[in-house]
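# Breakdown of the fold
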Amino acid sequence: MKSIRARLLVSLLSVVGASAVIGAAVTYYNVLRETESLFDYQLQQMALSLRDQGFIAPEEAEALASDDFDFVVQIWTVDGTRIYASHPRVALPPQAVLGFAELRLGDETWRLFSTATRDRVIQVAQPLAIRRKLAAQAALRSVVPIVLLAPILALAIGWSVGTSLQPVRRLAAEVKRRDADALEAVAASGLPAEVSPLVESINALLARLRDAFAAQRAFVSDAAHELRSPLTALKLQLQLLQRSADEASRKEAVAALSAGIERAIRLVAQLLTLARTEPGAQQTPLAPIDLAEAARQAVADVVPLADTKSIRLGLEANGDSMVDGDATALRVLVRNLIDNAVRYAPAGGRVELALAGENGHIVLSVDDSGPGIPASDRVRVFDRFYRRASNESDGHEEPGTGLGLAIVRSIADRHRADVQLLDSALGGLRIEVRFARAPKRA
C-alpha cells in the first residue's frame, strides 16, 4: 500500500473501529452488571419493606398480585406456614436460604432474596430470563450512541485526511505540469510544515539541475567554439598538403598536419576528461587510496614529455598518504599538474612534486622553474579554455587547451580539496592541493 491517504485512512479507521468495538463491549458489559445489581437492590428493598409490617392490607395484596409485575412475593411463618403469596401459582420453597440465591422452578431459573424476622420469613423472587432480557435491552440502548457515532467519525476522518493532503496533491499536480525547461523553484506557501522539507529538497534539486544544465550548455558551447578553430586549421593544412608542389613543402605540410592532429586529439581528450569530472556525471565512489602511488603513476605518464625538454622531475613522498578518493581521477589531477609544469618550464628546467602531512591533511605540491602566473591571473586560470597571453620574448610560448587547471579544480572540488597557486622557490609557480587525510579503518 503506497498511498499515504490510504495508509492514514486504514490506520485511523482501524483505530476508530477497534475503539468503537471495545468501547461498546465494555459499555455493554458494565451496563449488564449495573442492571443486575439494580435488580438485586430492588428485590432486597422490597423484602425489607415487608419485613416489619404486621399484616398486608387487601389492597396491597392485590397490587402485589398484579400480572404486570415480574416478581413474586411470599411470606412464611417461622413454623413453615405460608401466610401470603402474591402469585399462588408460583410456590417458592419454604426452606429459605437467607440472602441471595438462585433456584430452579419448573422451566425457569429464579433469582431469590430471603430475609427473616422473629416471626416470619419474607421471600422475593424474579425470573432470571426477564432480568437478563431487561438488562440486555438497557445495555443495547447504551451502546447505540457509540454505534451511530462510529460512521460519523469515519466520515469526519476521511474528510480531514483528504483536506490535509490537498496541498500535497496540488504540489504533485504543479510538478507534473512542468516540462524539462521549467526549473524555477516550487512555491512553498500554504504547505504544511511536514511537507516543507520535501519542497526545500525539491527546490535544492532544481537549483542543482539549473546549475548543471547551465554548465552543460556552457561546456557544449565552449567545446564547439574551441573545436571549430583546430578543425578549420586541419582543413587548411590538408589543402596545403594537397597543393604542395615539391617534397620539401609536402614534408612541411605533413608535419604541420600531424601537429594539428595531435593538438586536436589532446583537446578532445581533455574535453572528455572534463566531461567525466563535471557534476552530475556518473562517477566511481570514493574509497581509501594511496595518493603517493597515484602521484608515481602520474609522474611516469609525463616522463616522456619531460625527457624531450631535458626537464628534471622529482618526487618526494614520505609517510602516510592515504586519502578518500577516486584513484583514476586523482591520477588525472596529478598528471595535469605535472604536465602543465613541464610544458611551461624552460628546457633543462626542474619540476618538483612533494607529498607531506599537515594538521590532519595531505598536501600535494608541484613546483616548477617556469615563468609562473601573475597574481592577477591566478583566479581566471581555472576557467575553462582560458589561456594567458604567451610571452614569446622569454621563450615560454606553449600552446594549450586551457582545460588542464579547470580539470584540476573540478576533481579537487569533488574530493573537497583546496587548491592554491603560490610563488615557487624554484622561481616559477607552486600549486598546492590540500586533501583531508583518510580516517584509519579498524
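Residues numbered from 1 in each chain as written. Predicted model: local features only at pLDDT ≥ 70, side-chain atom pairs only at ≥ 80, totals over all residues. Heavy atoms only, no water.

What follows concerns the packing of helix 7 (residues 327-344) against helix 8 (residues 404-414). Packing of helix 7 against helix 8 brings their axes to within 9 Å, and their N-to-C directions diverge by 145 degrees. The chirality of how helix 7 crosses helix 8 is left-handed. Every residue of helix 8 that contacts helix 7 at Ala 329, Leu 330, Val 332, Leu 333, Asn 336, Leu 337 and Asn 340 is listed here: Gly 404, Leu 405, Ile 407, Val 408, Ile 411, Ala 412 and Arg 414. Its residues assigned to classes, the contact of helix 7 with helix 8 shows 10 nonpolar, 3 polar and 1 charged. (Axes fitted to C-alpha atoms, helices over the stretch in contact; angles between N-to-C directions. Helix = DSSP H or I, 4+ residues; strand = E, 2+ residues; numbered from the N terminus. Left-handed = near helix turned anticlockwise from the far one by under 90°. Contact = heavy atoms within 4.5 Å. Nonpolar A, V, L, I, M, F, W, Y, C, P; charged D, E, K, R; others polar.)

This part covers the environment of Arg 250. Mapped onto the elements of the fold, Arg 250 is located in helix 5 (residues 247-277). Between the C-alpha atoms of Arg 250 and Leu 240, which are 10 residues apart in sequence, the distance is 8.2 Å. Among all residues touching Arg 250, those that are not within four sequence positions of it are Leu 241 and Ser 244.

General note: in soluble globular proteins, nonpolar side chains tend to be found buried as a group. Leu 333, Leu 337, Ile 338, Leu 364, Val 433 and Phe 435 are the most contacted members of the largest nonpolar core, which totals 41 residues. Broken down by secondary-structure element, the contributors of at least two residues to this core are helix 6 (291-308), helix 7, strand 9 (350-358), strand 10 (361-368), helix 8, strand 11 (418-423) and strand 12 (429-436). At 9 residues, helix 7 tops the list of elements feeding residues into this core. For Leu 333, the residues in contact, after removing those within four places along its chain, are Leu 364, Val 408, Ile 411, Ala 412, Val 433 and Phe 435. Core analysis: the second largest hydrophobic core is formed by 11 residues, Ala 47, Leu 50, Phe 71 and Val 73 among them. (Core = buried A, V, L, I, M, F, W, Y, C linked by side-chain atoms within 4.5 Å. Buried < 20%, exposed > 50% of the residue type's maximum accessible area, 1.4 Å probe, protein only.)

What follows deals with the pattern of salt bridges. Overall, the coordinates contain 15 salt bridges when judged by the stated rule. Put simply, Arg 111 and Asp 40 hold a salt bridge, and the shortest N to O gap is 3.0 Å. With Arg 111 in strand 4 (residues 108-116) and Asp 40 in helix 1 (residues 4-51), this residue pair connects regions lying 71 residues apart in the sequence. Of the charged contacts, one joins Arg 434 and Glu 432 as a salt bridge, the two residues approaching to 4.0 Å between their closest N and O atoms. You can call Arg 434 partly exposed: its relative accessible area is 24%. Given the relative accessible area of 13%, Glu 432 is considered buried. Linked through salt bridges whose partners overlap, the residues forming this network are Glu 36, Asp 40, Glu 102, Arg 111 and Arg 131. (Salt bridge = Lys/Arg side-chain N within 4 Å of Asp/Glu carboxyl O.)

Let us now look at the pairing of strand 2 (residues 82-85). When strand 1 (residues 72-77) meets strand 2, the two strands line up antiparallel, connected through 3 bridges. Of the residues in strand 2, the one forming a bridge with Trp 76 is Arg 82. Linking strand 1 back to strand 2 in an antiparallel pair, the connection comprises 4 residues, with Gly 80 at a positive phi of about 95 degrees. (Pairing = 2+ DSSP bridges.)

Right, let's talk about helix 8 for a bit. Most of helix 8 sits out of view: 8 of its 11 residues are buried. Here helix 8 has its buried residues at Gly 404, Leu 405, Ala 406, Ile 407, Val 408, Ser 410, Ile 411 and Ala 412. Taken from the residues just after helix 8, Arg 416 is the one with a positive phi, measuring 55 degrees.

Our next topic: the packing of helix 6 against helix 7. Following both chains from N to C, one finds helix 6 and helix 7 inclined at 35 degrees, their axes separated by 8 Å at the closest point. The handedness of the crossing between helix 6 and helix 7 comes out as right-handed. On helix 7, the residues that touch Leu 291, Ala 294, Ala 295, Gln 297, Ala 298, Val 299, Asp 301, Val 302, Leu 305 and Ala 306 of helix 6 are Leu 330, Arg 331, Val 334, Arg 335, Ile 338, Asp 339, Val 342 and Arg 343. Residue composition of the contact of helix 6 with helix 7, grouped by class: 12 nonpolar, 1 polar and 5 charged.

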